[in-house]
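As a plain string of letters, each chain reads:
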Amino acid sequence: MRTSLRSVRGARSSLRSVGRARSALALLAAGTLALSAAGCSDDGGAPPDSGRPTSDAIGHTVRLPRLNGQKLKVTAVWTGAEQKGFTKVLEEFSRRTGAQVAYVPSGDDMSAFVGSKIAGGDPPDVAMLQQPGALREFAQKGWLKPLGGEAVAELDKNFTKGWQELGSSGGKRYGVYFKVSNKSLVWYNTKVFDGAGAKEPKTWPEFLSTAQLIADYGIPPVSVGGADGWTLTDWFENIYLSQAGPEKYDRLAQHRIPWTDPSVKDALTALGRLFGGKGLLADGNAGAVQTQFPTSVTQTFTGGEEPKAAMVFEGDFAAANVTGAGARIGKEAKVFPFPAVGAKAPVVTGGDVGVALKDGPAAQALLTFLASADAARVWAGQGGFLSANRNLALDAYPDDVLRSIARAVVAAGDDFRFDMSDLAPASFGGKPGQGEWKHLQDFLKNPGDVAGTQQRLESDAAKAFKS
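- Naming follows an unreviewed UniProt entry, where the protein appears as ABC transporter substrate-binding protein of Streptomyces aureoversilis.
- The heading Sequence similarities (unreviewed entry) in the UniProt record of the protein holds the text "Belongs to the bacterial solute-binding protein 1 family."

Description of the overall build of the protein
Right, so step 1: Check the secondary structure of the protein and you find 20 helices and 13 strands.
Right, so step 2: When the 467 residues of the protein are sorted by exposure, 60% land in the buried category.
Right, so step 3: Across the protein, contacts joining residues at least 24 apart in sequence account for 78% of those joining residues at least 6 apart.
Right, so step 4: By element, 50% of the accessible surface of the protein is carried by carbon and sulfur atoms, the whole surface being about 17100 Å².

Thoughts on the pairing of strand β12 (residues 348–356)
Right, so step 1: When you tally the buried positions in β12, you get 9 out of 9 residues, the bulk of the element.
Right, so step 2: In β12, alternate side chains face the same way, and those of V348, G350, D352, G354 and A356 on one face and T349, G351, V353 and V355 on the other are all buried.
Right, so step 3: As judged from the 4 bridges shared by strand β4 (residues 126–129) and β12, these two strands associate in the antiparallel manner. Looking at the pairing, A127 lines up with V355 of β12.
Right, so step 4: Alignment of strand β7 (residues 176–182) against β12, held across 6 bridges, turns out to be antiparallel. For N182, the partnering residue across the bridge sits in β12 and is T349.

Quick look at the confidence of the model for the protein
Right, so step 1: Mean pLDDT over the protein stands at 87; residues scoring 70 or higher make up 87%.
Right, so step 2: In the predicted structure, residues 1–56 sits below a pLDDT of 50 and forms 217 contacts with residues beyond four places in sequence or in another chain.

Comments concerning the packing of helix α10 (residues 262–275) against helix α19 (residues 435–445)
Right, so step 1: In contact at an axis separation of 9 Å, α10 and α19 are set at 50 degrees when each is read in the N-to-C sense. Regarding the angle of α10 to α19, the classification is oblique. Contacts between α10 and α19 involve L268, L271, G272 and F275 from the former and L440, F443 and L444 from the latter.
Right, so step 2: For the contact of α10 with α19, the class distribution of residues is 6 nonpolar, 1 polar and no charged.

What about the environment of F301?
Right, so step 1: Mapped onto the elements, F301 comes out in the loop between α12 (293–298) and β10 (311–313).
Right, so step 2: Judged by its relative accessible area of 9%, F301 falls in the buried class.
Right, so step 3: Along the backbone, F301 and R328 are 27 residues apart, and their C-alpha atoms lie at a distance of 9.6 Å.
Right, so step 4: When sequence neighbours within four positions are dropped, the list of residues in contact with F301 reads W187, Y188, N189, V312, V322, A325, A327, E332 and A333.

Brief notes about the sheet that holds strand β8 (residues 185–189)
Right, so step 1: Spatially, β9-β10-β8-β11 is the arrangement adopted by the 4 strands of the open sheet, whose pairing is mixed. Edge positions in the sheet fall to β9 (222–223) and β11 (333–337), since each has one partner strand and no second.
Right, so step 2: Where β9 meets β10, 2 bridges bridge the pair, whose relative direction is parallel. Among the inter-strand pairings, S223 is bridged to a residue of β10, identified as V312.

Some words on helix α1 (residues 80–97)
Right, so step 1: With 18 residues, α1 should reach 26 Å at 1.5 Å per residue; the first-to-last C-alpha distance of 26 Å fits that figure.
Right, so step 2: Taken as a whole, α1 has its buried residues at E82, Q83, G85, F86, T87, V89, L90, E92, F93, S94, R96 and T97.
Right, so step 3: Positive phi appears at G98, one or two residues downstream of α1, with a value of about 85 degrees.

Section: the packing of aromatic side chains
Right, so step 1: Enumeration over the complete set of coordinates arrives at 28 aromatic pairs.
Right, so step 2: Their ring planes at 75 degrees and their centres at 5.9 Å tell us that F86 and Y103 sit as a pair that is edge-to-face. Placement of F86 in helix α1 and of Y103 in strand β3 (residues 100–105) is noted, with a sequence separation of 17 residues between them.
Right, so step 3: Exposure remark for F86: the relative accessible area of 1% places this residue in the buried category.
Right, so step 4: Here Y103 falls in the buried class, since its relative accessible area comes to 0%.
Right, so step 5: Here F293 and F317 contribute two aromatic rings whose centre-to-centre distance is 6.0 Å and whose plane-to-plane angle is 65 degrees, an arrangement assigned as edge-to-face. Here F293, found in helix α12, pairs with F317, found in the loop between β10 and α13 (319–324); they are 24 residues apart in sequence, far enough to count as distant. A single burial state applies to F293 and to F317, both of which are buried.
Right, so step 6: An aromatic cluster of at least three residues, connected via ring pairs, comprises W204, F207, W235, F275, F313, F338 and F443.

Reading the values: the criteria
- Residues numbered from 1 in each chain as written.
- Predicted model: local features only at pLDDT ≥ 70, side-chain atom pairs only at ≥ 80, totals over all residues.
- Heavy atoms only, no water.
- UniProt positions renumbered as here; feature names shortened; annotations may be inferred.
- Helix = DSSP H or I, 4+ residues; strand = E, 2+ residues; numbered from the N terminus.
- Buried < 20%, exposed > 50% of the residue type's maximum accessible area, 1.4 Å probe, protein only.
- Contact = heavy atoms within 4.5 Å.
- Areas by Shrake-Rupley, 256 points an atom, 1.4 Å probe, with all protein chains shown as cover.
- Pairing = 2+ DSSP bridges.
- pLDDT = per-residue confidence, 0-100.
- Axes fitted to C-alpha atoms, helices over the stretch in contact; angles between N-to-C directions.
- Parallel < 35°, antiparallel > 145°, perpendicular 65-115°, else oblique.
- Nonpolar A, V, L, I, M, F, W, Y, C, P; charged D, E, K, R; others polar.
- Expected span 1.5 Å × (residues − 1).
- Phe/Tyr/Trp six-rings, centres within 6.5 Å; stacked < 30°, edge-to-face > 60°.

Below, the structure is given as structure tokens:
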């Protein structure tokens, strides 16, 4: 799962109506994949964007230019299943335009990859970035090209203001959020829930009561992948957003209030009721802090009648690990929204944003396509994909679970928030062994130390945001 190294360089100056960003699968390293198409139309004549509305299984809601003979290089962190899904999108773009598209995996450190290509005078035409901070950094360095009129029109038609602002910097629109994640989900083992007589909780007190019911049944209720510090930031952020509200969330994300603020104390105290509960964590606190994210999911859905846990929290991308464990989503595995800690249940998101690093009609045409419902439908049908495009019909998704997850993201409108740690400087929000990751791992080991955790978080945050 690629939520490992987050190379954020700074927080956005304004986070109003901003949502959260995600992590994706990082499986095998892959080489360059060249894609080409002859640009034929559905009826064998002119390209399908020749002015006439056309329709096929994917649909044509956007017109694209003829790009026969033009070459386009695209980079993203995606490998394995995600690369396969994105390749289908690029193939469809090639089919409609005649452009030749080459995909190059960037590796985990997108900033370093793009920086080296810029220095060498050969940047890719389009890059898919993981963090708003990276987009802002690239824009400040003059690496990005603003979106053209056609791409902006598709954004206006298909995305809420919050997603548009998230892809902007300095008052200019640069990015199209193509693939997003809903990081406010709890996956559960239906056999354990049925055996314990447990129901899907809707509030934090209900969640804790459900966890205790399952513990009394004899199964550890919650699996935590604490070895990957980013999972712990996600726990905190969901609780904080629901409890403190979006305005405070924005202020803390910008370090306009300190981590010693009472609102942080309240959130850590709430989280501590789970982390400090007797018998509530699989393998206890010491084991949880050594458990990698993939294991935290698979151990919830293996072991037959006695799995190591009944529930695991994480985003929609956990579905790949769930199915990898042999569980069928909607059968042995189901999901419910992160419970409301305050007045409303949280919707925390992540995402990958497409940006242009070169001028030219091909790059702008691809971003226009990525902003359309057509492109989203290509990948949605394959699974492992979620879109914030409000005009993508829910029937594009392959099952009811994904449809419900996608519905929650779109229904959130501009009330979602983006992963706070992805909005922070990398030294605080995105590196193993330091900043948020380390201090929340220490909190997992000793959930009674709320005040000390706050002080250490504030000390590192002050240094990171000052630099």
